[in-house]
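Read off the chains here:
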Amino acid sequence: MMPYTNSFGRFTYAFVLFLSVVVGFSDTQLVINVRNQGGDVVQENISANVSDDTVTLEFQRSDGTLVTQLIDFKNEVQVLKSLILGEEERGQSQYQVMCFIFHFPKDSFISSDAMSKLRQKNPGTIRTPEEDLGRTNRTMDYVVFVQHSGMISPYIPDLCAEAGTNVYARHEDIIKWAALQGISETSYLTAIKAFPSTPNLFLSNDLRIEDTSSLPSCTDTKNMLTQCQCHLELCIGWYPCGLKYCKGKGPTKNSVMSYRCGIKTCRTCHLFAYYVAQKQMCLWDE
Ligand SMILES: *[C@@H]1O[C@H](CO)[C@@H](O)[C@H](O)[C@H]1NC(C)=O
Ligand SMILES: *[C@@H]1O[C@H](CO)[C@@H](O)[C@H](O)[C@H]1NC(C)=O
Ligand SMILES: *[C@@H]1O[C@H](CO)[C@@H](O)[C@H](O)[C@H]1NC(C)=O
């Protein structure tokens, strides 16, 4: 075990990266108790797959919504999947599954390798993040065809299979991924489609919209059968967003060496705006 001293704060004690001790684990899942902003405690499951270079974080919100975040470090892709329970009293017995795919900025989550080595001393502890990164607005202007989504990240077809046609991305991220892969943007044409031209069962040709941003918000739409721009906020209440380094005595006299001794933790929210063909697909946005 790495040494640590008093001066590095309480959190170092509670949450230490046992870098030298834990070797070759792959089946580890951390279960973290997180106090959310409403005061409820939500259990987050976080696991890493080092060979795939992925991290998966999963939790169930107090309203029943199941949220899965997948980070594919290699392809700089993150996916937020939400499974929202239907409102039975309004005739929705089914659940709705949606996937939001967007660019993953490097270094905004600890590596899958560091994640796989993270252990908590007191698993029962209820945690709050050190830093609140606030909310990011993301307007999803593209639909992703899930059967071809493997070209964005090989994990999307499985993860988002249930979402069907409710898989969304953004043009600005497609540009980033194309550059990263060294391919042209047009290579993605089999996998994506801009919203306005999306054929829809409920939408006749003359009703096609030309500009998603000109759509009324579902909040302002009264008719359950009209298209509108839906908003969904998904927050990750606690995650390891960086490593902390501590200084200790080096191998030789008077030398100082720095080593990883803990993690920095963050909270962040994503507000997604996206097209729905009918307001009844967006009943929470009122
Ligand atoms: C990691 O991914 C590989 C390849 O997809 C898979 O075979 C393995 O079971 C995964 N490991 C864990 C712990 O899920
Ligand atoms: C988290 O993991 C526990 C234990 O493996 C499991 O019972 C629970 O259903 C998981 N929760 C979620 C939201 O995946
Ligand atoms: C994000 O969206 C919300 C709701 O639509 C809006 O009130 C807010 O001003 C937006 N923030 C930014 C930075 O665009």
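Residues numbered from 1 in each chain as written. Chains lettered and ligands numbered in written order. Predicted model: local features only at pLDDT ≥ 70, side-chain atom pairs only at ≥ 80, totals over all residues. Heavy atoms only, no water.

Participant: Even after reading the chapter, I still don't get the sheet that holds strand β12 (residues 167-169), so can you show me in this structure?
Facilitator: Strand pairing in a sheet takes place through backbone hydrogen bonds and is either antiparallel or parallel in direction. Pairing is mixed in the open sheet, where 10 strands are placed in the order β9-β2-β3-β4-β5-β6-β7-β12-β11-β13. Two strands close off the open sheet at either side, each with one partner strand: β9 (126-127) and β13 (192-194). With seven bridges joining them, strand β4 (residues 54-60) and strand β5 (residues 66-72) adopt antiparallel strand pairing. Bridge pairing links Glu58 to Thr68 in β5. Contacting β6 (77-84), β7 (96-103), β11 (142-144), β12 and β13, helix α4 (residues 171-181) crosses the sheet at an angle of about 55° to β7. (Pairing = 2+ DSSP bridges. Helix = DSSP H or I, 4+ residues; strand = E, 2+ residues; numbered from the N terminus. Contact = heavy atoms within 4.5 Å. Axes fitted to C-alpha atoms, helices over the stretch in contact; angles between N-to-C directions.)

Participant: Quick question: what am I supposed to make of the site of ligand 3 here?
Facilitator: The environment of ligand 3 is made up of Arg135, Asn137 and Leu271. Between ligand 3 and Asn137, the relevant distance is 2.4 Å, taken from an oxygen atom to a side-chain nitrogen or oxygen of the residue. Here ligand 3 loses 27% of its free accessible area of 360 Å² to cover by the protein chains. (Near = heavy atom within 4 Å. Polar contact = N/O pair within 3.5 Å; in protein donor to acceptor, adjacent residues only side chain to side chain. Areas by Shrake-Rupley, 256 points an atom, 1.4 Å probe, with all protein chains shown as cover.)

Participant: Would you mind showing me how to read the state of the cysteines here?
Facilitator: Working definition: the covalent bond between the sulfur atoms of two cysteines is a disulfide. For the coordinates displayed, the defined rule picks out six disulfides. Here Cys235 engages in a disulfide with Cys269; their sulfurs sit 2.1 Å apart. Taking the torsion about the S-S bond as the criterion, the Cys235 to Cys269 disulfide, at about 105°, is right-handed. You can see Cys235 sitting in strand β14 (residues 228-249) and its partner Cys269 sitting in strand β15 (residues 256-276), a full 34 residues away along the chain. Look at Cys269 and you get buried, because its relative accessible area is 5%. Each sulfur of the disulfide joining Cys246 and Cys261 lies 1.7 Å from the other. Between Cys246 and Cys261, the S-S torsion sits near 65°, and that sign places the bridge as right-handed. One end of the pair, Cys246, is in strand β14; the other, Cys261, is in strand β15, and 15 residues separate them in sequence. As far as burial versus exposure is concerned, Cys246 and Cys261 are alike and both buried. The connectivity of the disulfide-linked cysteines in the chain, indexed sequentially, is 1-2, 3-4, 5-12, 6-11, 7-10, 8-9. (Disulfide = S-S within 2.5 Å. Buried < 20%, exposed > 50% of the residue type's maximum accessible area, 1.4 Å probe, protein only.)

Everything listed here is a matter of coordinates, which is why it stays silent on function.
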